[in-house]
Structure formats: C-alpha cells, structure tokens
Amino acid sequence: MLNTLITLGKEIAQEQGEWDNLIEIPIFNEDESIENYVLIITFDIDRQTIVVENNLHAFGIESSPIKYRNLKSELWGRNGDPWMVTCTYPKKLPILQKSIFGKVNSDSEQGLFQKALLRSHPEAKETLFYKALEACYSLRNVEIDEGKKGIDVLENEYISKKLSFPRNHKIVMLSIAIKSELLGINAPTLLCNLDGYDYYVKKNFIKTAEQGKEMKESLCYATGKKSDKTTLPTFSDREDLNKLFVTTTINYAPNFNKKDFEKYYQIDLDIQKALQNGSNYIRGKLNNQRCSVRIANTEHYIIPTFLDPENVDMKFELDQIQQMSEWVFSTKQLENTFESLGMDAESPLFWINYIAYASHGNSVKVINHIKDVSNVWFGNIIRKDMEQSELISNYFNQRRSNLSTIYFAIPIRKEHEQKNDALKLLSQILEQRKVRYTKIFYHFTELILCHYYNRYNSYSNITYKPEDFDLAIRDSALKYLFLINLLKALKLIDMDMEENEKPLAENEERADKLQRFFSDMGYSPQQQALYWLGRIIRKIGTAQYNKNHKQKPVLNKINYNGMDHSKIQRLYVDAFELSTQYKIVNEINYCSKMFSQLFPADETLWTLTPQESVFYILSGFSLYIDNNQ
C-alpha cells in the first residue's frame, strides 16, 4: 500500500503548482442540475457599509480555490488561531468572521489576521494589504442594517436573508473584497489580490522539506532504500492515511516503544511528501472525489497494491477500481457490463485493500481492514453476482442484486453500526474465506422476527418496512436466496451435502419451470419438501384472508426462531386440519403429496437445521413459480 501512495504522490507532484498544497477544495454537490457559485462580499469603506447581494461568480473545481485563496485549516493547526483567511465556505464562515473582526465576544481591537501578521512580521504594517485589513476591521461595530453591525454580517443567517436566487443555485465559497478610495482601491478588489497577501502566505506556509527537520543518513523504511535525509515522519493532518503506519500504537506498531519510535520508523523527506500527496488524493482533498466506497454503510478507502506500481497509470487504475467497487456495493441501479468495468485480460495484476478508520484528535483507529482482494477474485465475484442476480430476476422479475443486498438483509443493532455481522460477512467474501452455512439462516430468522414483531427501532439498517407481513417474507426470502446461491457459486459455504441430499436431477419428462427452479437454486429433496409445505401454508392463508381473516392466522403456527423435525410434522398436521376446516383439501392435495414423498418420517434422516427449515418453508410460502409461464 505504501508503494501505491508513493507512486501516486510522485505523479501528483509533477502536476502541482505552488498553491496546490496550500488550498483545499470545498465539498459541494456535483449534481448536474445544481449550479455552484462563489459569493463576493464587498466591504465598501467609502460608504461605511458591507454589501451582500447576488454578486455571484461561477465555481470551478480547479480554478476557484486557487483564485480566491481558499486556504486549508491544517496550515495553522488544530488549536491555532485561523489567520490569513479571506475566503471560506458556508460551514466555516465563523473562521472568516474571526479572521477579519476577531472573536465575537472579545474586546479585541484587531482581527486575528491583523494580530497574527504583526506578531510574526511587524514590517507588514506598511503594506497595502495590512491597511486594507485595518479598514475592514473598522466596520466591526458600524450599524449596517437595522440592529445588525458589521460583525453580524459574516453570519449565515444574515447572508441567507439578503440573497435571492433559484433553489438550484448553491453557494460553495465566500470571499471578501474591499473598495476604498482613500487606499487607492477605486473598484471592489479581492483582499487576496492586494499587494502583500501572497508574499506573507508563502513566507509562512511554503517551507522547504528540510526546514525544522533533523535528518540523518539511514534506511528509508518506506522504500527500503538508503537515503541521506531520513527523519521521523510527521503528518499535520490528523486524518492523514499515513498516520496508520506511524506513531500510533493501536494499529501497525503495537510492540514498539513510542519514545524510541524514531529508531524504528524513518523515511526520506521526499517520500514523506509523496505519501502525503497520495493520501490527500485518496481522501479527495485534491479533487473533491474520494477514492472510497461504502461497505455495509461504513466508508472504506481504496488502496490497491500493484506488482510494478511505477509502470501503472495510477489515477486511471484507481478510477477503474472505484467503478468496480461501486458496482458491487452501491445501492443504486448501475448498468455497467462486465467489460465496461475494465475487467479484461490486459488489466495489470493488483490486490485491493479496503480500509475504514476513525480519527479522534491525534489518534487513529482502524475500524475494519479488508486485505489483499485480488482483481482476479474480485472479477469472479462480479461475474457470479451478475449470474445469480439475473437468474433470480428471470424467475421473479427482481431488480439487480449485489453485495449491498446483504447489508440490508442482516439486522444490525444501532449500537453495533461500525463493527457488525454484515461487515464481517462481506469481509469474508472479499477475502475468500469460508462462511458458516448455519450462520446465514440464523441471520434470516432474526430478520423475519424483526418484521414479525415490528422491531424496526432496534435495527438501523432495516429500511424496508411493509405493512403486509407477506411482502416482508417475500423480500427476505429473495435476499437470502441470492446470498445463498452467490456463496455456493463462489464455493464459500462450509458445508458438504450428503450424496442423498444433492438436488434431484431434472426429469426430462417433467422439465417444468418449478423443477428448473429447484435445480437452478440447488434445492435438496428435504428443502423441496419444505417448499411444498410453504405452498400449503400459502393456500390456507389465502383461504383465511378470503374469509376476512386479514392477518392470516396460519402464519402464527410457524415458530420463526426455528423448527426441528417434530415441529415441522406438527405444522403439517395443523395445516391439513385447517385445509379441512376451510374446505380446500382438494387444492392442497398435490402439495401434500409432494411433501409426504420428500419429507423423511425417520427423524434421524433429517439434516436441516431449525433455522434453515424456516427459510425453506417461507420460500415456498412467498415464492410462487407459475408453470404456465
């Protein structure tokens, strides 16, 4: 992973200008229907007012952050005072307010920008830029509108009231301009364009790699090569991906003495810069596009490993890997074909790492790490996903399923959202590890019980909440049918069917649609028996509904926690009695005959778990196959 970040970082460095490491791109809506703008707020010193009107300029992702000098907050540190700020975005407007006017509830006679600039560079007092800051500050307590002083103008509530434009117009950044004939500024001019601003920003924040570093000749642990300027790496951004590899003891260095960490981990200064660039690109700091994907509703950064990273078009490959990942995990209907996802023989061999982590202050904690997913295995997952999804759709006209289906099929309690069973199962699939067959049906019964008892408030990911329990059963059965068959296709289920429990071969004389379904879905004879029992329950439920028993009381006969051999027998007997009561014995005759033929009377021959039995009964109840189609 380090080699990927280094190669990517070097590639980015060749394209960067001197401002690229000083500015940040604000988060914005990239929807084509949305028009994004920069709002210019003009301090008119001559008229002693601050003008907030529809002075909008089109926002450009590459040009605007540099043009308006949208400095990134890491420059002054987590606890430092924000200064040199003349541009920001709406959520950080208080930073701009403090930079120009000082803290709201203080009696300061200067804005933070003025104060910090004089402290570091007293000579700046003679520059036009500093005089412009003084002039802007002079409007702090001037009444601009009724009841609103200058300092109140730089608040979102005030600005929102002053603007009027269509709902699809959005303010992405705000920048300060000044007009003052006394200072020779006869037309509104951006503060950041005045003489002195660029000079002092660069003087403070553009430093050579060697400044403030103790260097020595040693081995660079990131590259394995000797260097004459190695040092203990430091990364100012507390969410930098590289913090996973350095001075935290909760990730990759649990047995190291933190006091002697410099002896154990040192890298070349140029390599540190490349690593930082690579991290910023992955996290979307350079282009507003994170190289990440949500797996089980947890964001995972994508960091691939290549055999020969220096001969790879890193940005292109990252884009392709992200498309593949979104196809597999996205809840949206993506229509990409296998070929369009870049899965071809000419693709370089690589392994994907998905890393989810949380940052709290100076510590970084890995929530989940899915390791070394080869592109060959990933392509196999996509191929089998397409096959099984299409197969089920052919029978039930379903929307496309993918691995996101699994997330919505395994109930997750709200207190376990970050580390949960859905995430564990998806990690097993990606890392090509066996999945416990019995565990799947445990999750299924938990989902059914959630629907049956309306336990939706306990689970954060169960978003499908139909009023009709029948619909909940059908939705659950289809999700798990997809999951089971996908795992079988990938050979990831840790089960071996006995010879007499293999699916029955299709009878050429009776190659009807239902038999094809049993064959395609791998139903064993015992599973088919329960399917037929489910059909019986369905017919009784329909009869009850027609008699105005809308809740279909026969469903209460099923123990959704699990049903063993004796309980299944009892259910069949009860169902047969109800068929007599509702006068539908003739309607269930064929289903009853098939159940009796396939269900073993000897309990010792029964191989299904109680939870598995519930699934196959409910599959029969909810998944109707019409042989006439």
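In every chain, residue numbers begin from 1 and rise along the written sequence. Reporting in this predicted model follows two pLDDT cut-offs: at least 70 for local features of residues, and 80 or more for side-chain atom pairs to be given and counted; totals over whole chains, interfaces and linings ignore these cut-offs and use all residues. Side-chain figures throughout are based on the complete set of non-hydrogen atoms in the structure, without hydrogens or water.

## A look at the nonpolar core
- Think of a nonpolar core as a cluster: buried Ala, Val, Leu, Ile, Met, Phe, Trp, Tyr and Cys residues, connected wherever their side-chain atoms sit within 4.5 Å. Between buried and exposed lies partly exposed: a residue is buried under 20% and exposed over 50% of the maximum accessible area for its type, with that area taken using a 1.4 Å probe on protein chains only. The biggest cluster of nonpolar side chains holds 128 residues, and the ones touching the most others in it are Tyr 354 and Phe 517.
- Where helices and strands are cited, they refer to DSSP runs of H or I of at least four residues and of E of at least two residues respectively, numbered from the N terminus. The element best represented in this core is helix α16 (residues 469-489), accounting for 12 residues.
- Of all hydrophobic cores here, the second largest spans 60 residues; its members include Trp 19, Trp 83, Met 84 and Leu 96.

## Considering the sheet that holds strand β10 (residues 225-231)
- Being paired, for any two strands, means DSSP has found at least two bridges between them. The strand order β9-β10-β11 describes an open sheet built from 3 strands, whose pairing is antiparallel. Pairing within the sheet leaves two strands with one partner each, and these edge strands are β9 (216-220) and β11 (267-268).
- As paired strands, β10 and β11 are joined by 2 bridges and run antiparallel to one another. Paired with Thr 230 across the strands is Asp 268, a residue of β11.

## So, the packing of aromatic side chains
- Whether two aromatic rings pair depends on their centres lying within 6.5 Å, for rings of Phe, Tyr and Trp, where Trp uses its six-membered ring; planes under 30 degrees apart make the pair stacked, over 60 edge-to-face, and the rest tilted. According to the stated counting rule, one finds 37 aromatic pairs in the structure shown.
- Residues Phe 306 and Phe 350 carry aromatic rings whose centres are separated by 5.5 Å and whose planes lie at 50° to one another, so their mutual orientation is tilted. One end of the pair, Phe 306, is in strand β13 (residues 298-306); the other, Phe 350, is in strand β14 (residues 350-360), with 44 residues separating them in the sequence. Each member of the pair Phe 306 and Phe 350 is classed as buried.
- Summarising the aromatic geometry, the rings of Phe 595 and Phe 599 are spaced 4.9 Å apart at their centres and angled 20° between planes, so their arrangement reads as stacked.

## Observations regarding helix α20 (residues 585-598)
- A rise of 1.5 Å per residue sets the reference length of α20, with its 14 residues, at 20 Å; its end C-alpha atoms lie 19 Å apart and thus fit the reference within 8%.
- Those residues of α20 not exposed but buried are Ile 588, Cys 591, Ser 592, Met 594, Phe 595 and Leu 598.
- Here the buried face of α20 lies against α18 (525-546) and α19 (565-581). One less than the number of residues in a helix, times 1.5 Å, gives the span that helix is expected to have. Throughout, a residue-residue contact means that at least one pair of heavy atoms, one from each residue, lies within 4.5 Å.

## A word on the pairing of strand β7 (residues 169-180)
- Counting buried positions along β7 yields 10 of 12 residues, so the element is predominantly enclosed.
- Where strand β1 (residues 35-44) and β7 come together, 10 bridges link them in parallel fashion. Along β7, the bridge assignment pairs Ile 41 with Ile 176.
- Direction of pairing for strand β4 (residues 87-88) relative to β7: antiparallel, over a ladder of 2 bridges. Each residue of the ladder has a partner; that of Thr 88, found in β7, is Leu 174.
- The antiparallel pairing of β7 with strand β8 (residues 185-190) creates a hairpin that spans 4 residues between the two strands, and Gly 184 there sits at a positive phi of about 80°.

## Considerations on a nonpolar patch on the surface
- Exposure above 30% relative accessible area and the absence of a salt bridge qualify a residue for a patch, where like charges join within 9 Å and nonpolar side chains (Val, Leu, Ile, Met, Phe, Trp, Tyr) within 5 Å. For every accessible area listed, the method is Shrake-Rupley and the probe measures 1.4 Å; residues are considered covered only by the protein chains on display. By definition here, a salt bridge exists when the distance from a side-chain nitrogen of Lys or Arg to a carboxyl oxygen of Asp or Glu is within 4 Å. The grouping of Leu 307, Leu 349 and Val 376 at the surface amounts to a nonpolar patch, some 300 Å² of accessible area in total.
- Its place among the elements puts Leu 307 in the loop between β13 and α11 (314-329).
- Taking relative accessible area as the criterion, Leu 307 reaches 64% and is therefore assigned exposed.

## Digging into α11
- Taking 1.5 Å of rise per residue, 16 residues should cover 22 Å, and α11 covers 22 Å from first to last C-alpha, within 8% of that figure.
- Residues Met 314, Glu 317, Leu 318, Gln 320, Ile 321, Gln 322, Met 324, Ser 325, Trp 327, Val 328 and Phe 329 constitute the buried set of α11.

## Regarding the confidence of the model for the protein
- For the protein, per-residue confidence averages 86 on the pLDDT scale, and 88% of positions sit at 70 or higher.
- Across residues 504-511, confidence stays below pLDDT 50; counting only partners more than four residues off in sequence or on other chains, it has 10 contacts. As a per-residue measure, pLDDT reflects the predictor's confidence and takes values from 0 up to 100.

## Things to note about the side chain of Asn 461
- Relative to the assigned elements, Asn 461 resides in the loop between α15 (437-452) and α16.
- Only 2.9 Å separates the side chain of Asn 461 from the backbone nitrogen of Ile 412, close enough to count as a polar contact.
- Asn 461 has contacts with Tyr 407, Phe 408, Ile 410, Pro 411 and Ile 412, leaving out every residue within four places of it along the chain. Under this definition, polar contacts are N or O atom pairs within 3.5 Å; protein pairs additionally need one hydrogen-donor-capable and one acceptor-capable atom, and for neighbouring residues in sequence, both atoms have to be side-chain atoms.

## Structural notes on unusual backbone geometry
- With phi around 55°, Arg 69 is a residue other than glycine that occupies positive phi space.
- Within the secondary structure, Arg 69 is located in the loop between α2 (64-67) and β4.
- Under the relative-accessibility criterion, Arg 69 is labelled buried at 11%.
- Positioned with a positive phi, Asn 297 is a non-glycine residue whose angle comes to about 65°.

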